[in-house]
Amino acid sequence: MRGSGLSGHAEYQVLPTLAKWLAEERVDKGQLSQTTDWHQVTVKELPEQHDGGSCGVFTCMYAKCLLAGSDPTQAFSQNDIPRLRLQMAANLLKAYGLPNAKLPGDLSG
């Protein structure tokens, strides 16, 4: 599990709380909990959200970087969010049956 931002503050126990919730969900779904095998890593210097509506794009981009093995600290910034939001929308539209979907600037790459 990786954390950023809030995990460094004493009043927020983000990673332990998330790990507990995931373990409880696994038990509720009849799966064995293996949270003791998880390694928690705090990534410092992640791009930070500076508005009230981009948390989903930031979360998706962190996940994309993690899955791709790329460095999220240099991958994007708040200034990239409008373009990334359109790119994500185009990718979703194409993936779900609208292959000819075009958005401003053809950002579907």
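Preceding this paragraph is the structure being described.
So, how was this worked out
Residues numbered from 1 in each chain as written. Predicted model: local features only at pLDDT ≥ 70, side-chain atom pairs only at ≥ 80, totals over all residues. Heavy atoms only, no water. Core = buried A, V, L, I, M, F, W, Y, C linked by side-chain atoms within 4.5 Å. Buried < 20%, exposed > 50% of the residue type's maximum accessible area, 1.4 Å probe, protein only. Helix = DSSP H or I, 4+ residues; strand = E, 2+ residues; numbered from the N terminus. Contact = heavy atoms within 4.5 Å. Expected span 1.5 Å × (residues − 1). Arc of directions from axis to C-beta. Salt bridge = Lys/Arg side-chain N within 4 Å of Asp/Glu carboxyl O.

(A) Fine view of the nonpolar core. Core analysis: the largest hydrophobic core is formed by 6 residues, namely V57, F58, M61, F76, I81 and L84. Looking at this core, the elements with two or more residues in it are α2 (55–68) and α4 (81–95). Of all the elements, α2 adds the most residues to this core, at 3 residues. Contacts of F58, omitting those with residues within four sequence positions, involve P47, E48, Q49, F76, S77, Q78 and I81.

(B) Molecular detail of α2. For α2, with 14 residues, the first-to-last C-alpha span of 20 Å sits near the 20 Å given by 1.5 Å per residue. Listed as buried for α2 are V57, F58, M61 and C65. Buried residues of α2 fall within an arc of 100° about the axis and therefore sit on the same side. Projecting away from the buried face of α2 at angles above 90 degrees are the exposed residues T59 and L67. Residues of α2 that are buried sit in contact with α3 (72–75) and α4. In the stretch just after α2, G69 is the one whose phi turns positive, near 75°.

(C) Looking closely at the pattern of salt bridges. With the rule as written, the count across this model stands at 3 salt bridges. Measuring nitrogen to oxygen at the nearest pair gives 2.9 Å for the salt bridge that ties E25 to K29. According to the relative accessible area criterion, K29 is exposed, its value standing at 59%. A salt bridge links D80 to R83; the nearest nitrogen and oxygen atoms lie 3.8 Å apart. For D80, a relative accessible area of 22% translates into the label partly exposed. For R83, a relative accessible area of 38% corresponds to the partly exposed category.

Shape is all these values report; function is a separate question.
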